[in-house]
Amino acid sequence: MQPSHAPIKLFGMDIDGVLTEGGICYGDGGLEIKRFHAHDGMGLSLLGMAGLVTFIITGRTSEAVARRGRELGVTEVHQGVADKLACLEAMLPKYGASLEEVVYVGDDLPDLAVMLRVGFPIAPADARDEVKRIARVVTAAPGGHGALREAAEWALRHNGQWEALLASFKSPPEGKKLRG
């Protein structure tokens, strides 16, 4: 697919290696622990403030991902997905969007099918080479360490929304709390 100049309507991501650094920690009783960076969380909050639909599509299933998605107001969280492209294509009619209007941030081979078809494929600095080669943007930060924040700011600049959001933080309304 050719790079898109369309406005971005949906912003999606994988989890392990994108929103986390990719490590998977197990505790007693099968508890899975994930570490999230506050800068990435703020990036997701900014996307929501700008009215973009945010989504997660991941092959694994974890309560930590469901919780983080709820905390940050992620519009759709899809876990345990084998066919990420089919999952994304099923979402598009609900939001009146096309693949050309989608950002997807991925880092490994299971993300390739989606990234080859969306208008705005983005990869963290430490993504697999096969993924970075097809990415429109490769972040300076690695996954789980601000890569998603960079991607979010890029998308907001692309849509012409960054300056207004930035200005809103210079004199924020009373009582408004954002999660990072």
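Structural data are supplied above this passage.
Notes on the structure follow. (Residues numbered from 1 in each chain as written. Predicted model: local features only at pLDDT ≥ 70, side-chain atom pairs only at ≥ 80, totals over all residues. Heavy atoms only, no water.)

Re the environment of Phe-36
Counting through the fold element by element, Phe-36 comes out in the loop between strand S3 (32–33) and helix H1 (38–49). Phe-36 sits 18 residues away from Val-18 along the chain, and the two C-alpha atoms are 9.8 Å apart. Once residues lying within four places of it in the same chain are set aside, the contact partners of Phe-36 are Leu-19, Thr-20, Ala-64, Val-65 and Arg-68. (Helix = DSSP H or I, 4+ residues; strand = E, 2+ residues; numbered from the N terminus. Contact = heavy atoms within 4.5 Å.)

With respect to helix H2 (residues 63–71)
Turn by turn, an α-helix covers 3.6 residues, leaving residues three or four places apart pointing in a common direction. For H2, every residue scored as buried is listed here: Val-65, Ala-66, Arg-68 and Gly-69. Each buried residue of H2 sits inside an arc of 165° when the element is viewed along its axis, so together they form one side. Looking at H2, the residues exposed on the side facing more than 90 degrees away from the buried face are Glu-63, Arg-67 and Arg-70. Against the buried residues of H2 lie H1, strand S4 (53–57) and strand S5 (76–78). For H2, the side-chain oxygen to backbone nitrogen distance between the N-cap and Ala-64 is 3.1 Å, and the N-cap itself is Ser-62. Gly-73, located one to two residues past H2, shows a positive phi value of around 70°. (Buried < 20%, exposed > 50% of the residue type's maximum accessible area, 1.4 Å probe, protein only. Arc of directions from axis to C-beta. Polar contact = N/O pair within 3.5 Å; in protein donor to acceptor, adjacent residues only side chain to side chain.)

Brief notes about the pattern of salt bridges
Taken as a whole and assessed by the stated rule, the structure comprises 15 salt bridges. In this structure, the salt-bridge partner of Lys-94 is Glu-76, at a minimum N-O distance of 3.1 Å. Of this pair, Lys-94 sits in helix H3 (residues 84–95) while Glu-76 sits in strand S5, and the two are 18 residues apart along the sequence. Residue classification places Lys-94 among the exposed positions, given a relative accessible area of 60%. Judged by its relative accessible area of 9%, Glu-76 is buried. Where Asp-111 meets Lys-84, a salt bridge forms, and the shortest distance between an N and an O atom there is 2.7 Å. With Asp-111 in the loop between strand S6 (102–105) and helix H4 (112–115) and Lys-84 in helix H3, this pair connects stretches of sequence that are 27 residues apart. Taken as a pair, Asp-111 and Lys-84 share a single burial class, namely buried. (Salt bridge = Lys/Arg side-chain N within 4 Å of Asp/Glu carboxyl O.)

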